[in-house]
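Below, each chain spelled out in residue letters.
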Amino acid sequence: MQEKKSYYITTPIYYPSDNLHIGHAYTTVAADCMARFKRMQGFDVFYLTGTDEHGQKIERAAREKDMEPIVYVDGIVENIQKLWQALLISNTDFIRTTEKRQEDVVQKIFTRVYEQGDIFLSEYEGWYCSPCETFFTERQLAEGKCPDCGREVELLKEESYFFNMSKYAPRLLEHINNHPDFIQPESRRNEVVSFIKSGLDDLCVSRTTFKWGIPVPFNNQHVVYVWFDALINYLTGIGYMQDEAKFNKYWPADVHLMAKDIIRFHAIIWPCMLMALDLPLPKKVMAHGWIMLEGGKMSKSKGNVIDPSLLVQKYGVDAVRYYLIKELSFGQDGTYSEEILVNRINADLANDLGNLISRTVAMVIKYFGGVIPETRATAALDEEIQAVALQTYTEATEKLDKMDFSAYLHATARLVSRANKYIDETAPWLLAKDETQAGRLAAVMYNLVECIRIALILTAPTMPTLMERANKQLGIWDNLEEIPWEDAEIWGKTKNGTRVTKGASLFPRIDLKTLEEEEKMTVSESVPGPTPEKQAAPELVAVEDEYISIEDFARLDLRVAEVVACEKMKKADKLLILRVKVGEEERTVVSGIAQHYTPEEMVGKKVVLLANLKPTKLRGVMSEGMILAASDDQYVDVLTITKDIDSGNRVK
Ligand code: MSP
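Source: prediction; values computed, not measured. Every chain is numbered independently, its residues counted from 1 as its sequence is written. Reporting of local features is limited, given that this is a predicted model, to residues whose pLDDT is at least 70; pairs of side-chain atoms are given and counted only at 80 or more, and all residues count toward the totals for whole chains, interfaces and linings. Hydrogens and waters are ignored; side-chain quantities use all the structure's heavy atoms.

## Quick notes on the sheet that holds strand S14 (residues 291–293)
Note: strands within a sheet are paired through backbone hydrogen bonds, in either parallel or antiparallel orientation.
Line of reasoning, step 1. Read from one edge to the other, the open sheet built from three strands follows the order S15-S14-S16, with strand pairing classed as mixed. Edge positions in the open sheet fall to strand S15 (296–297) and strand S16 (334–336), since each of these has one partner strand only.
Line of reasoning, step 2. At least two bridges found by DSSP between two strands is the condition for calling them paired. Starting at the N terminus, helices and strands are each numbered in turn, a helix being any DSSP run of H or I of at least four residues and a strand any DSSP run of E of at least two. Direction of pairing for S14 relative to S16: parallel, over a ladder of three bridges. Opposite Met292, over in S16, you have Thr335 as the bridge partner.

## Side note on the nonpolar core
Line of reasoning, step 1. Among buried residues, the Ala, Val, Leu, Ile, Met, Phe, Trp, Tyr and Cys ones that are joined through side-chain atoms within 4.5 Å form a nonpolar core. Burial here depends on accessible area, computed with a 1.4 Å probe over protein chains only, as a share of the maximum for the residue type. Under 20% is buried, over 50% is exposed, and the range in between is partly exposed. Counting residues in hydrophobic clusters, the biggest one holds 113 residues, and the most contacted among them are Trp84 and Trp485.
Line of reasoning, step 2. No other element matches helix H17 (residues 438–459), which puts 14 residues into this core.
Line of reasoning, step 3. Contacts were defined at the residue level, with two residues in contact if any of their heavy atoms lie within 4.5 Å. The contact partners of Trp485, leaving out residues within four places of it in the chain, are Phe37, Met40, Gln41, Tyr393, Ala396, Thr397, Leu400, Tyr408, Ile457, Leu458 and Pro461.
Line of reasoning, step 4. Core analysis: the second largest hydrophobic core is formed by 61 residues, Ile119, Ile232, Ile263 and Met275 among them.

## Concerning the pattern of salt bridges
Line of reasoning, step 1. Salt bridge, as applied in this entry: a Lys or Arg side-chain nitrogen positioned within 4 Å of an Asp or Glu carboxyl oxygen. Applying the stated criterion across every chain, the model contains 37 salt bridges.
Line of reasoning, step 2. With a shortest N-O distance of 3.3 Å, Glu191 and Arg264 are connected by a salt bridge. One end of the pair, Glu191, is in helix H6 (residues 186–197); the other, Arg264, is in helix H10 (residues 263–276), with 73 residues separating them in the sequence.
Line of reasoning, step 3. Taking relative accessible area as the criterion, Arg264 reaches 37% and is therefore assigned partly exposed.
Line of reasoning, step 4. Among the ionic pairs, Asp424 bridges to Arg359, the shortest N-O distance being 3.6 Å. Highlighted residues: Asp424 in helix H15 (residues 405–426) and Arg359 in helix H13 (residues 338–368), separated in sequence by 65 residues.
Line of reasoning, step 5. Owing to a relative accessible area of 47%, Asp424 belongs among the partly exposed residues under this scheme.
Line of reasoning, step 6. It is possible to trace a salt-bridge network through shared partners that takes in Glu384, Arg418, Lys421 and Glu425.

## A look at the environment of Met258
Line of reasoning, step 1. In this fold, Met258 is placed in strand S12 (residues 255–259).
Line of reasoning, step 2. Met258 sits in the buried class, given a relative accessible area of 0%.
Line of reasoning, step 3. Put simply, Met258 and His24 are 234 residues apart on the chain and 9.1 Å apart in space, counted from C-alpha to C-alpha.
Line of reasoning, step 4. Excluding anything up to four places from it in sequence, Met258 contacts Pro12, Thr27, Ile263, His266, Val285, Met286, Ala287 and His288.

## Digging into unusual backbone geometry
Line of reasoning, step 1. Residue Pro185 is bonded to the preceding Gln184 through a cis peptide linkage, with omega at -5°.
Line of reasoning, step 2. Position of Pro185 among the secondary structure elements: in the loop between strand S7 (183–184) and H6.
Line of reasoning, step 3. Along the chain, Trp251 connects to Pro252 via a cis peptide bond; the corresponding omega equals 5°.
Line of reasoning, step 4. Mapped onto the elements, Pro252 comes out in the loop between helix H9 (244–250) and S12.
Line of reasoning, step 5. We note that Leu88 has phi near 55°; this positive angle belongs to a residue other than glycine.
Line of reasoning, step 6. Relative to the helices and strands, Leu88 resides in the loop between helix H3 (69–86) and strand S3 (93–96).
Line of reasoning, step 7. Residue class for Leu88 comes out partly exposed when judged on its relative accessible area of 31%.

## Quick look at the site of the ligand
Line of reasoning, step 1. Residues are labelled near a given molecule or strand when at least one of their non-hydrogen atoms is within 4 Å of it. The full set close to the ligand counts 23 residues, and Ile13, Thr27, Asp52, Asp261 and Ile291 are the nearest of them.
Line of reasoning, step 2. Any pair of nitrogen or oxygen atoms within 3.5 Å is treated as a polar contact; in protein, a donor-acceptor pairing is required on top of that, and neighbouring residues in sequence qualify only through side-chain atoms on both sides. In the model, a nitrogen atom of the ligand is placed 2.7 Å from a nitrogen or oxygen of the Asp52 side chain.
Line of reasoning, step 3. Within the side chain of Asp261, one N or O atom sits 2.8 Å away from an oxygen atom of the ligand.
Line of reasoning, step 4. Values of accessible area rely on a 1.4 Å probe in the Shrake-Rupley scheme; residue burial ignores everything except the protein chains shown. In isolation the ligand has 670 Å² of accessible area, and contact with the protein removes 94% of it.
Line of reasoning, step 5. Where the shell around the ligand is concerned, the elements lending two or more residues are strand S1 (6–14), helix H1 (22–40), helix H7 (226–231), helix H8 (233–236) and S12.

## Notes on a nonpolar patch on the surface
Line of reasoning, step 1. A cluster of nonpolar side chains, contributed by Met67, Ile70 and Val71, occupies part of the molecular surface with about 220 Å² of accessible area.
Line of reasoning, step 2. Overall, Ile70 belongs to the partly exposed group, its relative accessible area being 34%. Within this analysis, patches are made of residues with over 30% relative accessible area and no salt bridge. Like charges are joined at 9 Å or less; nonpolar side chains (Val, Leu, Ile, Met, Phe, Trp, Tyr) at 5 Å or less.

## Observations concerning the packing of H15 against H17
Line of reasoning, step 1. Under this scheme, a helix contributes an axis fitted over its contacting stretch, all axes are lines through C-alpha atoms, and angles between N-to-C directions fall in the 0 to 180 degree range. Viewed as axis vectors pointing N to C, H15 and H17 meet at an angle of 165°, and their least axial separation amounts to 10 Å. Comparing the axis directions of H15 and H17 gives the class roughly antiparallel. Viewed along their axes, H15 and H17 form a crossing whose handedness is left-handed. Residue-level inspection shows Tyr408, Leu409, Thr412, Leu415, Val416, Ala419, Tyr422, Ile423 and Thr426 of H15 in contact with H17, the latter providing Arg440, Ala443, Val444, Asn447, Leu448, Cys451, Ile454, Ala455, Leu458 and Thr459.
Line of reasoning, step 2. The nonpolar class holds Ala, Val, Leu, Ile, Met, Phe, Trp, Tyr, Cys and Pro. Asp, Glu, Lys and Arg form the charged class, and all remaining residues, Gly among them, are polar. For the contact of H15 with H17, the class distribution of residues is 14 nonpolar, four polar and one charged. Relative orientations are named as follows: roughly parallel for angles under 35 degrees, roughly antiparallel for angles over 145 degrees, roughly perpendicular for angles from 65 to 115 degrees, and oblique for any other angle. Note: crossing handedness is left-handed where the near helix turns anticlockwise from the far helix by less than a right angle, and right-handed where it turns clockwise.

## Section: the confidence of the model for the protein chain
Interpretation of the predicted coordinates at a detailed level should be avoided for regions scoring low in pLDDT.
Line of reasoning, step 1. Here the protein chain shows a mean pLDDT of 91. Residues at 70 or above account for 93%.
Line of reasoning, step 2. Confidence over residues 517–545 falls short of pLDDT 50; this stretch has 76 contacts with residues more than four positions distant or in other chains. Every residue is assigned a pLDDT by the predictor, reflecting its confidence on a scale from 0 to 100.

## Digging into the packing of aromatic side chains
Line of reasoning, step 1. Stacked, edge-to-face and tilted are the three classes for Phe, Tyr and Trp ring pairs, Trp counted by its six-membered ring, which pair at centre distances within 6.5 Å; planes under 30 degrees apart are stacked, over 60 edge-to-face, the rest tilted. Under the counting rule described, the total for this entry stands at 24 aromatic pairs.
Line of reasoning, step 2. Where Tyr114 meets Phe218, the ring centres are 4.2 Å apart and the plane angle is 25°; that geometry is what we call stacked. Note that Tyr114 is positioned in helix H4 (residues 100–115) and Phe218 in the loop between strand S10 (215–216) and strand S11 (219–224), a separation of 104 residues in sequence.
Line of reasoning, step 3. A relative accessible area of 33% means that Phe218 is categorised as partly exposed.
Line of reasoning, step 4. Among the aromatic residues, those joined into a cluster by ring pairs are Tyr8, Phe46, Tyr234, Tyr240, Phe247, Tyr250, Trp251 and Trp270.
Line of reasoning, step 5. We call a charge positioned over a ring when the NZ of a Lys or the CZ of an Arg lies within 6 Å of the ring centre and within 35 degrees of the ring normal. Over the face of the ring belonging to Tyr446 we find Arg376, whose NZ or CZ atom lies 3.9 Å from the ring centre.
Line of reasoning, step 6. The ring of Phe330 has Lys402 sitting right over it, with the charged end atom 5.0 Å from the ring centre.

See below:
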């Protein structure tokens, strides 16, 4: 049997100085999406992640908690591993730099490079802050003082080992020139090239000011510099110097993935180290942007980090992963907010994908008792939808291969939208009324199931549980193991006789009410506004409820109401408190229109009130009904009665 082609992908190994946040989750989920995609393509994938546990910062963090460093990191590493389980990260191995295998390999490499003359003993001169026990370069100082604690620093010399990095600079530049894909995206490549051209210093690769590290094997006064140690994890993890067959199978790595903050370590220091070891360089070093918060960068000191495991508990793993993968455009930074996350879930997953599946399942049940007949009548429109599906496959594959994650999910989202539009174009509920159209109706149903099948394959690397959940309703696959990626390229794989079954909603719409920001949620409730992205096929349009009866409509008690008083809600930018007269009765209504109407403008208006809406307390004020308004991204327009019709009259 032919051996599978290998694919080796890594994330940075994270510092376990504290629990990880959504930024770390981004890299790990993105790499996981790649690993799953390559497995579906038939590669033998090795996906490595882990923790970078040595160094002064960790030692200090442990000391602050009065703990031994290893005890301290053990606790955090356990949390990190739990987080990766919650996010369904499918890593092949998890490496810790405190493991014996890493210590052995680092020491052997250090000795080898020393013996060949590329590591040598010299003196390191720098500005030393003794309370922080840290050296700084002149440039790192803050107005001549320690950039961390602001205290005085002194010029000190320390005996150190140096790695002769400058020697490898010309070869590295040549390699970068000859391999345009080596550093991605291009902006990072340019940054690295100009950095190398400005001249590389030799790198200080040992420390004597602290102990928490791997000892230099032939001089135990020194510990190995934490980055020299950490980068080697990429070799240790696949058996370098320990399991040569395994190592040869996976090295060189296909991609080291990280954010732009550590590109220089990976695209300069690391390749020079590999050259010194006579090893081939990784095929690609890929840097994505940062997830920022509205107030700037996420940082533990600012106390504004987002814990991904809480998001998973709240929104489910598929939705959180989908949001992350779609959010950062190639190489760019993105901004995280929970509101954006919820909007994304509602728009893409609940309204579009979830609704496409539930409508299709409901229609196949309603029109064909759950099984699509084999006699099907195609029409010209079907060719177009097939072409869109094929094009989506090609685009998704290309974008994933480039690691342009967001563009990949934009492509799959377009297929889903197109399929929803196909329902509107073919109007199955009208076809169902005409017996001669039964074959056509069957073809429409089949095509929808095919679009869903393809979309589920293409989104499987992003949403690992969706295919199985959806298949319980769709019954497309008898066995869900090892669905090949290429199945999405073939139209017509859904077998005749496939039986669909009704099930729970795959992505229930999230009501913004559940968000912590009460103000935003009350606005969404009192103004039935748009889902900010778009208003695609809301759940109500599901087939069984295509039409509502006049009795259904009559359940809404809509009344003309005259605004007799109005004021702004205190400490809430968006809310007005209206006093309205409905016939003989007066009511209080809270409405999220304060950014579009002043209280003065509202008084005297005759508006339309949904009078039998269950009263609810908003910001401590009991709201007895809801006034109607039309809205889009820009405007909110309250519906008003322009003729002299008394309040209390029905609107129907
Ligand atoms: N230990 C080193 C890496 C050694 S690799 C041989 C390190 N660790 S870290 O814990 O600081 O992780 C940095 C990495 O975490 C980034 O390169 C990126 O992959 C991820 N991210 C951390 N914060 C992030 C954002 N706000 N946004 C996106 N990615 C972020 O550096």
